[in-house]
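# Structural description and commentary
Here's the letter readout for the chains.
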Amino acid sequence: MVIKVFLASLSGSTAIKKKQQDVVGFLEALKIDYAQLDIASNEDNRRWMRENVPGEKKPTNGIPLPPQIFNEEMYCGDYETFFEAKEDNTVYEFLGLTPPPGSKEAQQAENTQKLHNGSGTEEHLDDDTTKKEIVEAEQNGDAHIAELEEDDPDKKAETDAQDDIAEEEEPAEDDEESRKPAEEEEQVRKKCLNNSVDHYITYTR
């Protein structure tokens, strides 16, 4: 396939000359084979270009201006659509060519294909599946511990004994509080007894 660039070598418009140079220079930089077809010196080229540019792409006066780009007989576009493709890194797609491996356009096409195939969705599903497996594993682990306690009476007895010890240790503070009034009462009784003895000794003297 040959890319055809229709241009005017004798154009008096500086803007048209700049656009033509931009297209040709970019194709050469990408090492894309193309052919320049001059409409200024060849009437057949001028007629063919005007006849093959789609009607919706022609200006109001019906005369398309160069540069106009074709891939063999297929119309690619004018300078404006070429410039948009260049900015979007889609020049090969614009020209109807396969981008070479390693080019930015090839990488973009590969990423787009991956998204289209749903690889991103599969990765998301993998993440959700992993989280679900972790939750299920934790739940299964708790259930397994409960089953072990039921199957092992010694383990269950040990657990019950620990619970009983904890229950017995809790009221220890209450017992200590209940003993304080009894100790104080005993001290008062001893003090009264000592006073009575002292009083008796004094009286007998």
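Described below are features of the structure shown in this document. (Residues numbered from 1 in each chain as written. Predicted model: local features only at pLDDT ≥ 70, side-chain atom pairs only at ≥ 80, totals over all residues. Heavy atoms only, no water.)

### As for the pattern of salt bridges
Here is the rule: Salt bridge, as used here, is a side-chain nitrogen of Lys or Arg placed within 4 Å of a carboxyl oxygen of Asp or Glu. Runs of H or I in DSSP of at least four residues are treated as helices and runs of E of at least two as strands, each being numbered from the N terminus. Residue burial is assigned from relative accessible area. The probe radius is 1.4 Å, only protein chains are included, and a residue is buried under 20% of its type maximum, exposed over 50%, and partly exposed in between.
Enumeration over the complete set of coordinates arrives at six salt bridges. A salt bridge links K4 to E73; the shortest N-O distance between them is 3.9 Å. Here the residue K4 occupies a position in strand 1 (residues 3-7), and E73 occupies one in the loop between strand 3 (68-71) and strand 4 (74-78), the gap between them amounting to 69 residues. Judged by relative accessible area, which is 52%, E73 ranks as exposed. Note that E80 is salt-bridged to K19, the shortest N-O span being 3.3 Å. With a gap of 61 residues between them, E80 in helix 3 (residues 79-87) and K19 in helix 1 (residues 14-29) connect regions that are remote in the sequence. For K19, a relative accessible area of 27% gives the class partly exposed.

### Comments concerning the side chain of K4
Selection criterion: In this description, contact between two residues means that some pair of their heavy atoms is separated by no more than 4.5 Å.
Using a relative accessible area of 18% as the deciding quantity, one classes K4 as buried. Not counting residues up to four positions away in its chain, the partners in contact with K4 are A35, L37, Q68, I69, F70, E72 and E73.

### Notes on the sheet that holds strand 2 (residues 34-38)
Selection rule: A strand pair is defined by DSSP finding two or more bridges across the two strands. Between N-to-C directions, angles span 0 to 180 degrees; the directions come from axes that are lines fitted to C-alpha atoms, helices contributing only their stretch in contact.
If you trace the four strands from one edge of the open sheet to the other, you get 2-1-3-4, paired in mixed fashion. Across the chains shown, the open sheet's two edge strands, defined by having one partner strand only, are strand 2 and strand 4. Adjacent strand axes in the sheet meet at a mean angle of 25°, parallel and antiparallel pairs treated alike. Packing against the sheet, helix 1 makes contact with strand 1, strand 2 and strand 3, and its axis sits at approximately 160° to strand 1. Sheet strands touched by helix 2 (residues 43-52): strand 1, strand 2, strand 3 and strand 4. Its angle to strand 3, the strand with the most contacts, is close to 80°.

### Quick notes on helix 5 (residues 104-117)
Keep this limit in mind: Any helix carries an expected span of 1.5 Å times its number of residues minus one.
For helix 5, spanning 14 residues, the distance from its first C-alpha to its last is 20 Å, which sits close to the expected 20 Å at 1.5 Å a residue. Backbone geometry just after helix 5 places G118 at a positive phi near 85°.

### A short note on the nonpolar core
Just so we agree on the cut-off: Definition used in this section: a nonpolar core is a set of buried Ala, Val, Leu, Ile, Met, Phe, Trp, Tyr and Cys residues joined via side-chain atoms within 4.5 Å.
Grouped together as the largest cluster of nonpolar side chains are 16 residues, with contacts concentrated most on I3, V23, L27, I69, F82, F94 and L95. Listed by contribution, the elements that provide at least two residues to this core are strand 1, helix 1, helix 3 and helix 4 (91-95). By residue number, the principal contributor to this core is helix 4, which donates four residues. Residue contacts for I69: discarding those within four places in its chain leaves I3, K4, V23, Y75, C76, G77, F82, F94 and L95. Of all hydrophobic cores here, the second largest spans seven residues; its members include F6, A8, F70 and Y75.

### Considering the environment of A85
Mapped onto the elements, A85 comes out in helix 3. On the basis of relative accessibility, which here comes to 5%, the residue A85 falls in the buried class. What A85 contacts, discounting residues up to four positions off in sequence, is T90, V91 and F94.

### What about the side chain of Q68?
What counts is decided by this rule: For this analysis, a polar contact is any N or O atom pair within 3.5 Å, provided that within protein one partner can donate a hydrogen and the other can accept it, and provided that sequence-adjacent residues contribute only side-chain to side-chain pairs.
Residue position: Q68 is located in strand 3. Polar side-chain contacts of Q68 include one of 2.8 Å to the side chain of Y75. If we ignore the near neighbours within four places in the chain, the residues touching Q68 are K4, V5, F6, M49, V53, Y75, G77 and D78.

### Quick notes on unusual backbone geometry
At the junction of P66 and P67, the peptide bond is cis and its omega measures out at 5° in the coordinates. Mapped onto the secondary structure, P67 falls in the loop between helix 2 and strand 3. In this model, K31 sits at a positive phi of 60°, which is unusual for a non-glycine residue. Structurally, K31 is set in the loop between helix 1 and strand 2. Residue classification places K31 among the exposed positions, given a relative accessible area of 75%. The backbone phi angle of E72 is positive, close to 55°, even though this residue is not glycine. Mapped onto the secondary structure, E72 falls in the loop between strand 3 and strand 4. On the basis of relative accessibility, which here comes to 29%, the residue E72 falls in the partly exposed class.

That's the geometry; what it means functionally is another story.
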